[in-house]
Amino acid sequence: MSLIDDKVMDTLTHQGDFIATPYEPKGPVVIDCDVKNIYYGDFRAVRDSRIPIEKNKVTGFIGPSGCGKSTVLRSMNRMNDLVESFRFDGKVQYHDHDIYDKKVDPVIVRRYIGMVFQLPNPFSMSIYDNVAFGLRLNNYKGDEEEMVVKALKRAAIWNDVKDKLKNSGLSLSGGQQQRLCIARAIATEPDVLLMDEPASALDPIATRQIEELMVELKEDYTVALVTHNMQQATRVADVTAFMGVDISKGGRTGYLVEMNETRKVFEDPEQELTKEYVRGEFS
Amino acid sequence: MIFDPFKASASDKTLSMPPSQADFLRDSAFRYLAYFGALSIVLLVAYIVFELGVQALPAIQTHGFGFITGTTWNASEEEFGVLPEIWGTLYSSLIALIIGGTFGVGIAIFLTQGFVHAKMEVTFRTIIELLAAIPSVVYGLWGIYVLIPMLVPVAQWLHETLGWFPLFSTELGGPGLAPAALVLAIMVLPTVAAISTDAFRRIPYKVKEAAYGMGATKWEVILKVMLPTASSGILAGLVLGFGRALGETMALAMLIGNVNNISLSLFDPANTLASLLASTFPEAGQIEIQALMYAALVLLAITLVVNLLGLAVQQYTMRKFEGKK
């Protein structure tokens, strides 16, 4: 057992403060995420990772468990502010402004940068109200019902729920709940959508539908996607960021290993570590 | 011997064993113990109702339904009616529930939604739980010596300025509905607060996360997401609190004035069923005791109906919000 552990540790450890070659964005950048350090209390979760999210593209985050990809994703709409011990050192430039500027209220950031979570988390209210929640929050004046139906259709759940929109969102199965949550997140057409392993609870067909949705969404918006599924990354991500875990200093600190166009990361990676990871030699 | 047809053919290496005879014995012993415990509670309740019924039977036969609609209680004339007591019981409990419930739910929100630091939260919680530990007589005394003198000028002012409003239409001359309901509210509060706090705490973190993730403000998160999610638990707390208020005896007997009176005014003296029982019982003759038993039966019926109604509302919210059958 220790044999296996040692091998993984060896491949994961970079001696010294490795810093990834900066990724040169090919188009306009919506979120320029420049992490110096992210701490939870004394625990340094992520260090030195510059991850620009390009407009109208899907940016994928891959990497072993505990590498901080979710942490970075959640730092991009200040979700981590809910964690009391969280401390962000760096800059997240959204369009022209740093979202960590003291004058910026995190509530406003989250209105523009929506999020889909790993576990389905519908509200204790009807399916319709779940999807209309964001519209009402944003004081949407147009045809609410039309937007709700549209969101449910795009999230590939309309056929499952069209006859029971008044039922509680919690009466659905796990996979249906997740698609409902995706509908809820896209109903307000957020400028950027952060998705944290959105398909991990879905069957292959629903997964494909959600992947198609991501590709469709990037026409008008921007998507950042954390995934454990490498095929998913190759299918939908235009750009991929690979993160690793640094255990050389006793802790487990995540950092960016390599970021590039997805094809390049998977077919001709710059780093040996990336090559081993995409080949599935450790996880 | 335990029937296990699999051991022989299963892999030799397996460590799996059937549970022993003793394991099964313990299992069924515990089951029967649990059945016995549950059954004895049902039997106890049935016995209490039956015994009350037997004692009250003569009064039920003599007064019939008129007992419930009658408004005078006069032992020497053998004239018994509990409508004022029913009114007083429900009215005082309702006011107490409105005040105590509002504060109780407010406290639950304050304690669970990140307004106070975890250490402060424990302190607050302990203090509120302490309220439940104060004996009802002490509340009664506090009401007589502190609350009523404090209330009299306030009531006077309310009556003079807003006297046209039915709730303030009379003057407070000592004991009355207002001090009784306020003390009841304080007694109801810990129950509502504790159960609502648990209801809020049971909401999974991911729900809160989802609400904040939508870009909701703290107020929107609490009002639009957390409250509906916790509603069935809060309702349970309110029903329990209301039940407590209905049956509360000592503090009410000391504060409500014990006057058979049906009035909307908060400052009029009134009476409740429990308080009638407590204050009349010691000197009651046989006929009056039978009437008191009838009154006890009425109180029991009210409590039962309130609990059933509460349960129905709770089931409805669970179905509506949580999709449970």
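Remember, it's a predicted structure, so these values are computed and weren't measured experimentally.

Chemist: Help me understand the overall build of chain B in this model?
Modeler: Within chain B, the secondary structure is distributed over eleven helices and two strands. For chain B, the N- to C-terminal ordering of α and β elements is α-α-β-β-α-α-α-α-α-α-α-α-α. Seen along its three principal axes, the alpha-carbon backbone of chain B occupies a region of about 90 × 60 × 35 Å. The proportion of buried residues among the 325 residues of chain B is 42%. About 17600 Å² of surface is accessible on chain B, with carbon and sulfur atoms providing 72% of the total. If you average the places of the 17 positive and of the 21 negative side-chain charges in chain B, the two averages end up 23 Å apart.

Chemist: Whenever I open this one, unusual backbone geometry confuses me. Can you help?
Modeler: When glycine is set aside, most residues are seen to have a negative phi, and most peptide bonds are trans. Non-glycine residue Glu189 of chain A carries a positive phi angle of around 50 degrees. If you trace the backbone, Glu189 of chain A turns up in the loop between helix 7 (174-186) and strand 7 (192-196).

Chemist: Help me understand the packing of helix 5 (residues 136-162) of chain B against helix 6 (residues 177-202) of chain B in this model?
Modeler: When two helices pack together, their arrangement is given by the angle between the helix axes and by the axis-to-axis distance. Residue and element names in this part refer to chain B. Close contact between helix 5 and helix 6 brings their axes to 10 Å; oriented N to C, the two are set at 130 degrees. The orientation of helix 5 with respect to helix 6, classified from their angle, is oblique. With respect to the hand of their crossing, helix 5 and helix 6 are arranged in right-handed fashion. In contact with Ser136, Tyr139, Trp142, Gly143, Leu147, Ile148 and Leu151 of helix 5, helix 6 contributes Ala178, Pro179, Leu182, Val183, Ile186 and Met187. Looking at the contact of helix 5 with helix 6 residue by residue, the class counts come to eleven nonpolar, two polar and no charged.

Chemist: Is there a simple way to think about the UniProt feature "transmembrane region" (unreviewed entry) in chain B in this case?
Modeler: All names here are of chain B. Within this structure's numbering, the places UniProt gives as "transmembrane region" (unreviewed entry) are residues 32-50, 90-116, 137-158, 178-200, 221-242 and 291-313. The span residues 32-50 carries 100% helix and 0% strand; its end-to-end C-alpha distance comes to 26 Å. The straight-line gap between the two end C-alpha atoms of residues 221-242 is 28 Å; of that span, 100% is helix and 0% is strand.

Chemist: Quick question: what am I supposed to make of helix 8 (residues 204-217) of chain A here?
Modeler: Residues and elements named next belong to chain A. Its 14 residues give helix 8 an end-to-end C-alpha distance of 20 Å, which sits within 8% of 20 Å, the value for a rise of 1.5 Å per residue. Taken as a whole, helix 8 has its buried residues at Ala206, Thr207, Ile210, Glu211, Leu213, Met214 and Leu217. The arc enclosing the buried residues of helix 8, seen along the axis, measures out at 155 degrees, which places them on a common side. Turned more than 90 degrees away from the buried face of helix 8 sit Pro204, Ile205 and Glu212, all of them exposed. Residues of helix 8 that are buried in the fold lie against strand 3 (58-62), helix 5 (144-154), helix 7, strand 7, strand 8 (222-226) and helix 9 (230-236). The N-terminus of helix 8 is capped by Asp203, whose side-chain oxygen sits 3.0 Å from the backbone nitrogen of Ile205.

Chemist: Explanation requested: the sheet that holds strand 5 (residues 97-98) of chain A in the structure shown.
Modeler: What holds strands together in a sheet is hydrogen bonding between their backbones, with the strands either parallel or antiparallel. Residues and elements named next belong to chain A. A sheet is described by the order of its strands in space; here ten strands give the open sequence 5-4-1-2-10-9-3-8-7-6, paired in mixed fashion. The sheet is open, and its two edges are formed by strand 5 and strand 6 (113-116), each paired on a single side. As defined by bridge partners, strand 4 (residues 86-94) adjoins strand 5 across two bridges and the pair is classed as antiparallel. Pairing of Gln93 across the sheet is with Asp98, part of strand 5. Running at roughly 175 degrees to strand 6, helix 7 makes contact with strand 6 and strand 7 of the sheet.

Chemist: How should the side chain of Asp268 of chain B be read in this particular structure?
Modeler: Residues and elements named next belong to chain B. On the secondary structure map, Asp268 appears in the loop between helix 9 (250-255) and helix 10 (273-280). Despite its burial, Asp268 pairs with no opposite charge, the nearest such side chain being Arg244 at 26 Å. Here Thr170 takes part through its side chain, which lies 3.1 Å from a polar atom of the side chain of Asp268. For Asp268, the residues in contact, after removing those within four places along its chain, are Thr170, Gly176, Leu177, Asn261 and Ser263.

Quick notes on the rules
Residues numbered from 1 in each chain as written. Chains lettered and ligands numbered in written order. Predicted model: local features only at pLDDT ≥ 70, side-chain atom pairs only at ≥ 80, totals over all residues. Heavy atoms only, no water. Helix = DSSP H or I, 4+ residues; strand = E, 2+ residues; numbered from the N terminus. Buried < 20%, exposed > 50% of the residue type's maximum accessible area, 1.4 Å probe, protein only. Areas by Shrake-Rupley, 256 points an atom, 1.4 Å probe, with all protein chains shown as cover. Lys, Arg positive; Asp, Glu negative; His and termini not counted. Charge placed at Lys NZ, Arg CZ, Asp CG, Glu CD. Axes fitted to C-alpha atoms, helices over the stretch in contact; angles between N-to-C directions. Parallel < 35°, antiparallel > 145°, perpendicular 65-115°, else oblique. Left-handed = near helix turned anticlockwise from the far one by under 90°. Contact = heavy atoms within 4.5 Å. Nonpolar A, V, L, I, M, F, W, Y, C, P; charged D, E, K, R; others polar. UniProt positions renumbered as here; feature names shortened; annotations may be inferred. Expected span 1.5 Å × (residues − 1). Arc of directions from axis to C-beta. Polar contact = N/O pair within 3.5 Å; in protein donor to acceptor, adjacent residues only side chain to side chain. Pairing = 2+ DSSP bridges. Salt bridge = Lys/Arg side-chain N within 4 Å of Asp/Glu carboxyl O.

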